[in-house]
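One-letter residues, chain by chain:
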Amino acid sequence: MPLQLYNTLTRKKELFEPLEPGRVRMYNCGPTVYSFAHIGNFASFLLADLLRRHLEYSGLEVLQIMNITDVGHLTQDNVADAQGEDKLEKKAREEKKDPWEIARFYEDAFHADRKLLNIRDAHRYPRATEHVPEMITMIEELLAAGLAYEAGGQVYFEIAKFPRYGILSGNSTEELMAGESGRVESDPSKRHPLDFTLWKRDPKHLMQWDSPFGRGFPGWHIECSALSRKSLGEVFDIHTGGEDNIFPHHDCEIAQSSGGKDQICARHWLHRRYILIDGKKMSKSLGNIYTVGDLVQKGYTPREIRFNLLIGHYRANSNFTFQGLDSARETIRYLREFRRNMLELPARVTPAEEIQTVASLSQERDRGFRAGLDDDLNISASLAELHAFVSEAYKLATTEESGRLAVARLDAWDQVLGVLGERDGSPDASETTARVGKSNWTAAEVDRLVGERNEARARKDFKESDRIRDVLKAAGIVIKDSPQGTRWHAEG
RNA sequence: GGCGGCAUAGCCAAGUGGUAAGGCAACGGUUUGCAAAACCGUCAUCCCCGGUUCAAAUCCGGGUGCCGCCUCCA
């Protein structure tokens, strides 16, 4: 089934085919490590993760690169003073640490949260600060090609030399000028007000590097151009980011990376639209900028957060709500329960017809699941197939063998979704000393309590049996009575 | 002011011309000592107005509301 992806560049869905058959090269705009990444940032990284997982599920090899922006940027508050101040620098001053320490701290935090959210490791996470020589080389090339110039101590890219400037955002230079409305103070030495910085000199900046253009630091957009070219080549398959990256960041990248040629560095551009929080945009004044840590502190699990961020389409303003997190919790619980129930089916001989039915259903639903994601990552359609299959399996599977077949299907899908995790939550008899869930008991001790409860039930002492069940429940252990006996498992 | 996107049930969310997927919640029922789990059933005419069409949530025009970019904030 052919994969169709919307391309910001052409504003339509296009058939996706990697330049090199069977092998996809993808670049993702990564985090700026001057503070904790919030769930909006992770929504963007999750788009990359879902795409990567689906490509791999489809049998393609993926080379994924995500940059770490540790140089920092000009802050809005400081634009006015014309000197500018690096965000990392500001943070460093506030926290009285050096910017390199700050950057490393938040980079570590990013990876910790990323792993919590079950986002697969990219193949490389290149740091901007470790690729300044590559950026300098690129700037030199642009100067040599006459696409850039030095003025007023800075190096600028001359947009007049790249007629297609603005192609990604759909802006023409004239429109951008019209929209500018005098809000931006332009450096008078620039040839055109929209020419953007490649190399900047500012003695107050803490992070400085020597270069042929003087001691300074790289401009705002050059890092992604240099990093992507180094890791993936001049033209690669996919470039992702948040919708705010479209202009100016990605348009500038395209201009720089063209090298004066009529080529655009990436073929497919995918942008995650902003998520809203309770229908409102994230903002400091509303206090709704949540980090993974914030939500975990409120009692939600990383998988619930992942699922809630994943179920909306990446090109829609999905609404992130606490009710949605509760909904995600219930769905995950339901699916884990399904796994347990399937694996606990009686181990007896399965009629050939039943196996056949479950197997063909599994294949049919998998086709639907893949078709959904193939349609520009329409995960809602895929999840509908998943739910249909679970419901059907409940009705059809009567033995452990059928159950295992159904679970295999679910687990395969979870390679793409990544929300169920590896553990199935069932008690492991071999771990006699391990505590069960959040309780203080071992599995053997829980078994003993369950036995006591069943003795009470047998003599119809329901007051006592309910008391024991309440005690277990309070400890996070769920009891299920069935004709085959009583089963229990830890919550979740 | 310029460019772009969105508007579907209490909540989340598919569906781009053929008569509204799926999930959560809720309610009724089966099952259970009671539960839990599972199962069965109920629950929307698609922001408003006008137009095109045999037929529109889906196309066109006009409103209203929300979101994004135009100042590196995914």
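Because the structure is predicted, anything quoted here is derived from the model rather than measured. (Residues numbered from 1 in each chain as written. Chains lettered and ligands numbered in written order. Predicted model: local features only at pLDDT ≥ 70, side-chain atom pairs only at ≥ 80, totals over all residues. Heavy atoms only, no water.)

(A) Inspection of helix H16 (residues 462-474) at higher detail. The first and last C-alpha atoms of H16 sit 18 Å apart over 13 residues, in line with the 18 Å expected at 1.5 Å per residue. Inspection of H16 places Ser465, Ile468 and Leu472 among the buried residues, and these make up the whole buried set. Angular distribution of buried residues about the axis of H16 spans 60 degrees; they occupy a single face of the element. The exposed residues of H16 that point more than 90 degrees off its buried face are Lys463, Lys473 and Ala474. (Helix = DSSP H or I, 4+ residues; strand = E, 2+ residues; numbered from the N terminus. Expected span 1.5 Å × (residues − 1). Buried < 20%, exposed > 50% of the residue type's maximum accessible area, 1.4 Å probe, protein only. Arc of directions from axis to C-beta.)

(B) Region of interest: the sheet that holds strand E9 (residues 236-242). Read across the open sheet, the four strands follow the order E4-E3-E9-E10; overall the sheet is parallel. Edge positions in the open sheet fall to strand E4 (61-66) and strand E10 (266-272), since each of these has one partner strand only. Each strand of the sheet is rotated relative to its neighbour by a mean of 20 degrees, with strand direction disregarded. (Pairing = 2+ DSSP bridges. Axes fitted to C-alpha atoms, helices over the stretch in contact; angles between N-to-C directions.)

(C) Focus on the side chain of Asp195. By the element assignment, Asp195 lies in the loop between helix H6 (173-180) and strand E7 (196-200). For Asp195, which is buried and forms no salt bridge, the nearest opposite charge comes from Arg191, at a distance of 6.2 Å. Within polar-contact distance, the side chain of Asp195 engages the side chain of Tyr149 at 2.6 Å. (Lys, Arg positive; Asp, Glu negative; His and termini not counted. Salt bridge = Lys/Arg side-chain N within 4 Å of Asp/Glu carboxyl O. Polar contact = N/O pair within 3.5 Å; in protein donor to acceptor, adjacent residues only side chain to side chain.)

(D) View of the nonpolar core. Ile39, Phe42, Ile238, Ile305 and Leu309 are the most contacted members of the largest nonpolar core, which totals 71 residues. Among the elements that make up this core, the one with the highest residue count is helix H1 (residues 39-57) (10 residues). Two domains each provide a minimum of three residues to this core, namely domain 1 (4-272) and domain 2 (292-417). If near-sequence neighbours (up to four positions away) are discounted, Ile238 is found in contact with Leu5, Phe16, Val24, Arg25, Met26, Tyr27, Leu51, Leu55, Ala266, His268 and Leu270. Counting residues in hydrophobic clusters, the runner-up holds 44 residues, among them Ile136, Ile159, Leu232 and Cys265. (Core = buried A, V, L, I, M, F, W, Y, C linked by side-chain atoms within 4.5 Å. Domains from an automatic or database assignment. Contact = heavy atoms within 4.5 Å.)

So yeah, pure geometry; function would need other evidence.
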